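Architecture and fold: a report
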Amino acid sequence: MENSSNKTQLSVVIPVYNEEKSIAACLETLKSQSYKDFELIVVDNNCTDKTAEIAKQYGARVVPCVPQGIASARNEGAKQARGDILAFIDADARLSETWIERALDRFGKDQKLDTLSGTNVFDAPGPFTYLYYNFYNVIAFTVLALATFFQYHLVAGNNMLIKRELFLKTPGFPPRVSEDVHFAKYLRDMGNVRSGYDPWMTIEYSSRRFRRNGFLKTIMGWGWALVVVGKEDEYKMDFND
């Protein structure tokens with residue numbers, strides 16, 4: 001998967017902290033992509049398990065990041081990337097087979113496009129739980145679609161592509177809960193940024209946080225983070241099972 005040349009069109013950045021249970025399934029979906037010529041960067045955020053070893057088996061370039069936190073890890077991955085376009089996903093992602101192909105097609109057809117987000121869904125043990133867990137996504141991605149239509153920039157940090165040149169002009173993801181929402185503010189402040197949304201660029205994510213913390217508690221925590229702008233006290237909440 002990794003392009004050995006000095007320059008490639010796309011770099012996929014995955015931050016990891018002790019994700020040995022999830023990373024192989026994620027990388028399998030990247031291996032199965034219809035478009036295969038991309039750089040794969042896995043950012044090792046102080047893992048103490050076999051995550052980095054598994055990532056290397058899939059051809060990933062593993063880079064270290066000492067400052068703890070998903071924001072710091074994403075920023076380090078962007079710094080190390082060679083691609084003109086950066087793609088950010090999380091370690092428990094399972095991508096649709098045409099995710100990369102659709103994304104690059106959108107950037108190819110619209111040369112002015114700067115950022116692009118897709119749709120997330122959460123897995124669940126049964127149909128009723130699936131609907132319950134994904135009620136949040138129906139609201140969140142409806143808002144994202146409307147915001148994109150009116151060019152009020154919002155992005156999904158774990159289902160997002162952005163031109164590297166633009167990303168490097170920003171301060172990067174801030175060390176806060178809902179870091180992607182706060183990152184989007186940088187884009188709005190910059191002006192002259194064009195954002196896109198493709199509902200068919202789907203990624204299935206684990207519902208582990210819901211199962212661990214409870215659905216309502218997790219959603220309320222995310223909502224509170226949008227209101228209270230403060231530093232994240234416990235970064236590991238974004239990584240651990």
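What comes next is a walk through the structure. (Residues numbered from 1 in each chain as written. Predicted model: local features only at pLDDT ≥ 70, side-chain atom pairs only at ≥ 80, totals over all residues. Heavy atoms only, no water.)

**Section: the overall build of the protein**
The number of helices and strands found in the protein is 9 helices and 8 strands. The buried share among the 241 residues of the protein stands at 51%. Considering only intrachain contacts with a sequence separation of at least 6, the fraction spanning at least 24 residues in the protein is 77%. Of the roughly 11,600 Å² that the protein leaves accessible, carbon and sulfur atoms contribute 56%. (Helix = DSSP H or I, 4+ residues; strand = E, 2+ residues; numbered from the N terminus. Buried < 20%, exposed > 50% of the residue type's maximum accessible area, 1.4 Å probe, protein only. Contact = heavy atoms within 4.5 Å. Areas by Shrake-Rupley, 256 points an atom, 1.4 Å probe, with all protein chains shown as cover.)

**Notes on helix H5 (residues 127–149)**
Between its terminal C-alpha atoms H5 stretches 31 Å, which fits the 33 Å expected from 23 residues at 1.5 Å a residue. The sharpest bend along H5 comes to roughly 40°, located at Asn134. Buried residues of H5: Tyr133, Asn134, Asn137, Phe141, Leu144, Ala147 and Thr148, and no others. Gln151, located one to two residues past H5, shows a positive phi value of around 55°. (Expected span 1.5 Å × (residues − 1). Bend = angle between axes of the 7 residues up to and from the residue.)

**Brief notes about unusual backbone geometry**
Keep in mind that most residues, glycine aside, have a negative phi and that most peptide bonds are trans. A positive phi is found at Gln151, a non-glycine position, where the angle reads about 55°. You can call Gln151 partly exposed: its relative accessible area is 29%. Not every positive phi belongs to a glycine, and Asn192 is a case in point at roughly 55°. Positionally, Asn192 belongs in the loop between helix H7 (179–190) and strand S8 (195–205). Residue classification places Asn192 among the exposed positions, given a relative accessible area of 83%.

**Topic: helix H4 (residues 99–109)**
In an α-helix, one full turn covers 3.6 residues, which means residues spaced three or four apart are oriented alike. Every buried residue of H4 is accounted for by Trp99, Ile100, Ala103, Leu104 and Phe107. Buried residues of H4, viewed axially, fall in a sector of 115°; they line one side. (Arc of directions from axis to C-beta.)

**Focus: the pattern of salt bridges**
Any two side chains of opposite charge can pair, given that their charged atoms come close. One pass over the structure, following the stated rule, counts 13 salt bridges. Across the pair Glu39 and Arg82 runs a salt bridge whose closest N-O atoms are separated by 3.1 Å. Taken as a pair, Glu39 in strand S2 (residues 39–44) and Arg82 in the loop between helix H3 (70–80) and strand S4 (83–89) lie far apart in primary sequence, 43 residues in all. Its relative accessible area of 0% is what places Glu39 among the buried residues. Here Asp198 ties to Arg106 by a salt bridge, and the two come within 3.9 Å at their closest N and O atoms. Of this pair, Asp198 sits in strand S8 while Arg106 is found in helix H4, placing the two residues 92 residues apart along the sequence. Salt bridges sharing partners connect three or more residues here, namely Glu19, Asp92 and Arg208. (Salt bridge = Lys/Arg side-chain N within 4 Å of Asp/Glu carboxyl O.)

**Things to note about the side chain of Ser195**
Tracing the sequence through the fold places Ser195 in strand S8. A distance of 2.8 Å separates the side chain of Ser195 from the side chain of Thr115, its partner in a polar contact. Reaching out from Ser195, the side chain makes a polar contact with the side chain of His153 at a distance of 2.8 Å. With residues up to four places along the chain from it excluded, the contact list for Ser195 reads Leu113, Thr115, Thr148, Gln151 and His153. (Polar contact = N/O pair within 3.5 Å; in protein donor to acceptor, adjacent residues only side chain to side chain.)

**Here's the deal with a nonpolar patch on the surface**
On the surface, a nonpolar cluster with roughly 380 Å² of combined accessible area is contributed by Phe135, Val138, Ile139 and Val143. Relative to the assigned elements, Phe135 resides in helix H5. (Patch = residues over 30% accessible without salt bridge, like charges linked within 9 Å, V, L, I, M, F, W, Y side chains within 5 Å.)

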